[in-house]
Amino acid sequence: MFNIVIFGAPGSGKGTQSENLISYYGLYHISTGEVLRDHIARGTDLGKTAAGYISEGKLIPDDLMVSILADILDNTPEAKKGVIFDGFPRTINQAEALKAMLAGRGAKVDAVVGLEVDEDELVDRLIKRGKESGRSDDNLETIKKRLQVYHSQTQPLRDYYIKEGSYVAIKGVGSIESIFDSIKSAIKEKCGK
Ligand code: AMP
């Protein structure tokens, strides 16, 4: 398995660069945000639970999120080759759970691609996206809350993955193509692929 985590604040370009990574490496994409939005659209029990957290900009509890992810990994044959994890992990607990889940499959997180973007730019991008996305969480109040949650709960993962030796820092500004070129070179350097 070849596994990449795409990491960064809301609005850092994780979704956009995941699309490039999928076509280039032929990996399976798991966006936990998209999985949750799909449940909300289908009106499932999980969707009903998730909707409140998402519209308030809060994280879904770790145990629930980890069991959703384990279920996807267990039941998706296409994920056997490798996965791009987009929006997961978001806490140290989730990172530990991911490490254990992959170890059970004889695999690991091969690279963590950290898209680094200034806060002002993030807010601008998210407000712009909100005008088109119709997402319940792309409004100024929830954007601010999501960025706070990112700083307090998710950003510590940067140091966690630096210590693990898998983090690569990518400047997440410029054209989509130039950012992707930097990602490809960084992955090549780290993993030889
Ligand atoms: P995203 O599409 O990645 O920006 O995620 C949208 C929202 O879904 C987040 O603000 C959280 O409320 C929820 N969410 C997505 N992924 C996770 C995760 N790994 N852990 C907890 N909550 C998550």
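Our structure is the block above this text.
We now turn to the structure provided with this report.

Scoring rules and cut-offs
- Residues numbered from 1 in each chain as written.
- Predicted model: local features only at pLDDT ≥ 70, side-chain atom pairs only at ≥ 80, totals over all residues.
- Heavy atoms only, no water.
- Near = heavy atom within 4 Å.
- Polar contact = N/O pair within 3.5 Å; in protein donor to acceptor, adjacent residues only side chain to side chain.
- Areas by Shrake-Rupley, 256 points an atom, 1.4 Å probe, with all protein chains shown as cover.
- Helix = DSSP H or I, 4+ residues; strand = E, 2+ residues; numbered from the N terminus.
- Nonpolar A, V, L, I, M, F, W, Y, C, P; charged D, E, K, R; others polar.
- Pairing = 2+ DSSP bridges.
- Axes fitted to C-alpha atoms, helices over the stretch in contact; angles between N-to-C directions.
- Contact = heavy atoms within 4.5 Å.

**With respect to the site of the ligand**
So, step 1. Taken together, 16 residues sit near the ligand, with T32, R37, K58, G87 and Q94 positioned nearest.
So, step 2. Here a nitrogen atom of the ligand and a side-chain polar atom of Q94 are 2.9 Å apart.
So, step 3. Here an oxygen atom of the ligand sits 3.3 Å away from a polar atom, N or O, in the side chain of R135.
So, step 4. Surface burial for the ligand is 96%, taken as the share of its 480 Å² of free accessible area covered by protein chains.
So, step 5. Per-element tally for the shell around the ligand: the top contributor is helix α2 (residues 32–42), with four residues.
So, step 6. A breakdown of the residues in the shell around the ligand according to their chemical character gives six nonpolar, four polar and six charged.

**A few points about the sheet that holds strand β2 (residues 28–31)**
Backbone hydrogen bonds hold the strands of a sheet together, and the pairing may be parallel or antiparallel.
So, step 1. Pairing within the open sheet is parallel, and its five strands lie in the order β2-β3-β1-β4-β5. Looking at which strands have only one partner, the edges of the open sheet turn out to be β2 and β5 (167–171). Pairs of neighbouring strands in the sheet enclose a mean axial angle of 20°, with direction left out of account.
So, step 2. Strand direction decides the pairing type here: strand β4 (residues 111–116) and β5, joined by five bridges, are parallel. Note on β5: the bridge partner recorded for L115 is I170.
So, step 3. Packed onto the sheet, helix α8 (residues 156–164) meets β1 (4–8), β4 and β5 and runs at close to 125° relative to β5.

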